[in-house]
Amino acid sequence: MNEVTIYTDGACKGNPGPGGWGVLMRSADGTEKEMFGGERETTNNRMEMMAVIQALTALKRPCAVTLHIDSQYVLKGMTEWLSGWKAKGWKTAAKQPVKNVDLWQRLDELVAHQGHRIDWRWVKGHAGDPGNERADALANCGVEQALRR
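## Things to note about the overall build of the protein
Moving on, step 1. Counting its regular elements, the protein contains 4 helices and 5 strands.
Moving on, step 2. Counting helices and strands in the order they occur from the N terminus, the protein gives β-β-β-α-β-α-α-β-α.
Moving on, step 3. Taken over the C-alpha trace, the protein has a radius of gyration of 15 Å; the compact-globule value for 149 residues is 15 Å, and the two agree within 12%.
Moving on, step 4. Dimensions of the protein along its principal axes, counting C-alpha atoms only, are 45 × 40 × 30 Å.
Moving on, step 5. Split into buried and exposed, the 149 residues of the protein put 46% on the buried side.
Moving on, step 6. In the protein, once contacts between residues fewer than 6 apart in sequence are set aside, the share between residues at least 24 apart is 67%.
Moving on, step 7. Accessible surface for the protein amounts to roughly 7,700 Å². Of this, 49% is attributable to carbon and sulfur atoms.

## Considering the pairing of strand β1 (residues 2–12)
Moving on, step 1. The buried fraction of β1 amounts to 8 of the 11 residues, a majority that puts the element mostly inside the structure.
Moving on, step 2. In the sheet, β1 pairs with strand β4 (residues 63–69) via 7 bridges, with the strands oriented parallel. Counterpart to Y7 in the pairing with β4 is H68.
Moving on, step 3. In terms of strand pairing, β1 meets strand β2 (residues 17–27) through 9 bridges, oriented antiparallel. Directly across from V4, in β2, lies its bridge partner S27.

## Observations concerning the packing of aromatic side chains
When we look at a pair of aromatic rings, we describe it by the centre distance and by the angle of the planes.
Moving on, step 1. If you walk through the whole model with that rule in mind, you get 3 aromatic pairs.
Moving on, step 2. Judged by centre distance (5.2 Å) and plane angle (65°), the rings of Y73 and W104 are edge-to-face. In this pair, Y73 sits in helix α2 (residues 72–87) while W104 sits in helix α3 (residues 101–113), placing the two residues 31 residues apart along the sequence.
Moving on, step 3. Residue classification places Y73 among the buried positions, given a relative accessible area of 19%.

## Some details on the side chain of N100
Moving on, step 1. Looking at where N100 falls in the secondary structure, it is placed in the loop between α2 and α3.
Moving on, step 2. For N100, a relative accessible area of 16% puts it in the buried group.
Moving on, step 3. Side chain to side chain, N100 and R46 meet in a polar contact 3.2 Å long.
Moving on, step 4. Those residues in contact with N100, other than ones at most four positions away along the chain, are N45, R46, M49 and Y73.

## So, helix α4 (residues 130–148)
Moving on, step 1. The terminal C-alpha atoms of α4 lie 27 Å apart, and with 19 residues this matches the ideal 27 Å at 1.5 Å per residue to within 8%.
Moving on, step 2. Of all the positions in α4, only G131, N132, A135, D136, L138, A139, G142, V143 and A146 are classed as buried. Angularly, the buried residues of α4 cover 165° about the axis, an arc narrow enough to put them on a single face. Facing away from the buried side of α4 by over 90 degrees, the exposed positions are P130 and R148.
Moving on, step 3. Buried residues belonging to α4 abut β1, β2 and β3 (32–42).
Moving on, step 4. Sitting at the head of α4, D129 places a side-chain oxygen 3.0 Å from the backbone nitrogen of G131.

So, how was this worked out
- Residues numbered from 1 in each chain as written.
- Predicted model: local features only at pLDDT ≥ 70, side-chain atom pairs only at ≥ 80, totals over all residues.
- Heavy atoms only, no water.
- Helix = DSSP H or I, 4+ residues; strand = E, 2+ residues; numbered from the N terminus.
- Rg over C-alpha atoms; globule rule 2.2 N^0.38 Å.
- Buried < 20%, exposed > 50% of the residue type's maximum accessible area, 1.4 Å probe, protein only.
- Contact = heavy atoms within 4.5 Å.
- Areas by Shrake-Rupley, 256 points an atom, 1.4 Å probe, with all protein chains shown as cover.
- Pairing = 2+ DSSP bridges.
- Phe/Tyr/Trp six-rings, centres within 6.5 Å; stacked < 30°, edge-to-face > 60°.
- Polar contact = N/O pair within 3.5 Å; in protein donor to acceptor, adjacent residues only side chain to side chain.
- Expected span 1.5 Å × (residues − 1).
- Arc of directions from axis to C-beta.

Here's what the structure looks like:
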């Protein structure tokens, strides 16, 4: 199984507002790939999720992934809340519809069916971690791209 280290980040200018996502991927052999994109009207949480979705979608075969994210929302969603939401028909503990359910379902599908082994790691944002800082810069490129459209 190929080993891949991934850093993802989302950005939004206003919340909601124009947003972007960024991904830095490094394979064990040192190969790097950078990706970014954006939307004119979105939220920070949606961009955080899109970054992870785009990263996992870019992997062409099952990998051992070390995934660094600065979003507690995405981390807790995937590691703590997801099974409960699914069991409750995509409702929260307060019986409210899960926000961003379309993206949670896409992410759940990717994680469940692509065969990756994912080590979810939280990293403090804007704290000097080089991978996180690069993913943040890429997410901001995504915002700029969305604004130019």
